Amino acid sequence: MAVERTLSILKPDATRRNLTGQINARFETAGLRIVAQKRLWLSRAQAEAFYAVHAQRPFYNDLCAFMSSGPVVVQVLEGEDAVTRNRDIMGATNPANATPGTIRKDFAESIEANSAHGSDSAENAATEIAFFFSTIEIVG
């Protein structure tokens, strides 16, 4: 396994319920380090740009509206096999299908308000990280 970086977003439902610390503790307990982090409120245009790959999908408008509805925490996680490890910690997109003990099973309110986003590949992680962070903001 190689040390990787991946993007994590704690979604508006998680920040609204003050779950940032609990969720980040799960990443850190699993051996991932938070090497960059910021709290921000995405504009609709920023959400649309970030999720542009989904623009033709039926959930795109609702997703962009949700992601711009409140503050999020964007962060870079680093560790061995970070992309896969992060996705395992988050659990299945649909919380009904997520394994007990995962973020989405324990905290999600719905498929859309599922508390966390994570990159799905190392290639997408690099693109997503660059969307939110300059290299000077990532401190390993």
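Scroll up a little and you will see the structure.
What counts, and at which threshold
- Residues numbered from 1 in each chain as written.
- Predicted model: local features only at pLDDT ≥ 70, side-chain atom pairs only at ≥ 80, totals over all residues.
- Heavy atoms only, no water.
- Helix = DSSP H or I, 4+ residues; strand = E, 2+ residues; numbered from the N terminus.
- Rg over C-alpha atoms; globule rule 2.2 N^0.38 Å.
- Salt bridge = Lys/Arg side-chain N within 4 Å of Asp/Glu carboxyl O.
- Buried < 20%, exposed > 50% of the residue type's maximum accessible area, 1.4 Å probe, protein only.
- 1 Å grid on protein atoms, 1.4 Å probe; cavity = no way out; pocket = protein on both sides within 12 Å on 5 of 7 lines; lining within 4 Å.
- Points joined across faces, edges and corners; volume = space filled by probe spheres on them.
- Nonpolar A, V, L, I, M, F, W, Y, C, P; charged D, E, K, R; others polar.
- Phe/Tyr/Trp six-rings, centres within 6.5 Å; stacked < 30°, edge-to-face > 60°.

(A) Region of the structure containing the overall build of the chain. For the chain, the helix and strand inventory stands at seven helices and four strands. When its helices and strands are written in sequence order, the chain yields β-α-α-β-α-α-β-α-α-β-α. Relative to the 2.2 N^0.38 estimate, which gives 14 Å for 140 residues, the radius of gyration of the chain is 14 Å and therefore close to what a compact globule would have. For the chain, the spread of C-alpha atoms along the principal axes amounts to about 35 × 35 × 25 Å.

(B) Inspection of the pattern of salt bridges at higher detail. Within this structure, the stated rule accounts for eight salt bridges. Of the charged contacts in the structure, one is a salt bridge between Glu48 and Arg44, with a shortest N-O distance of 2.8 Å. Placement of the pair is Glu48 and Arg44 together in helix H3 (residues 44-50), with a separation of four residues, close to one helical turn. What makes Glu48 partly exposed here is its relative accessible area of 29%.

(C) Structural context of the layout of surface pockets. Reported here for the largest pocket is a volume of approximately 620 Å³. Contributions of two or more residues to the lining of the largest pocket are made by H3, strand S4 (116-118) and helix H7 (122-132). Per element, the largest residue contribution to the lining of the largest pocket is four residues, and it comes from H7. By residue class, the composition of the lining of the largest pocket is nine nonpolar, eight polar and seven charged.

(D) The packing of aromatic side chains, seen in detail. Per the counting criterion, the structure on display carries four aromatic pairs. Ring geometry for Phe50 and Tyr51: centres 4.8 Å apart, planes at 90°, overall edge-to-face. Neither Phe50 nor Tyr51 differs from the other in exposure class; each is buried. Measuring from centroid to centroid gives 5.1 Å for Phe50 and Phe132, while their planes differ by 45°, and the two rings are tilted. Separated by 82 residues along the polypeptide, Phe50 in helix H3 and Phe132 in helix H7 bring together distant segments of the chain. Accessibility assignment for this pair places Phe50 and Phe132 in one class, buried. Chaining the aromatic ring pairs together yields one cluster made of Phe50, Tyr51, Phe131 and Phe132.

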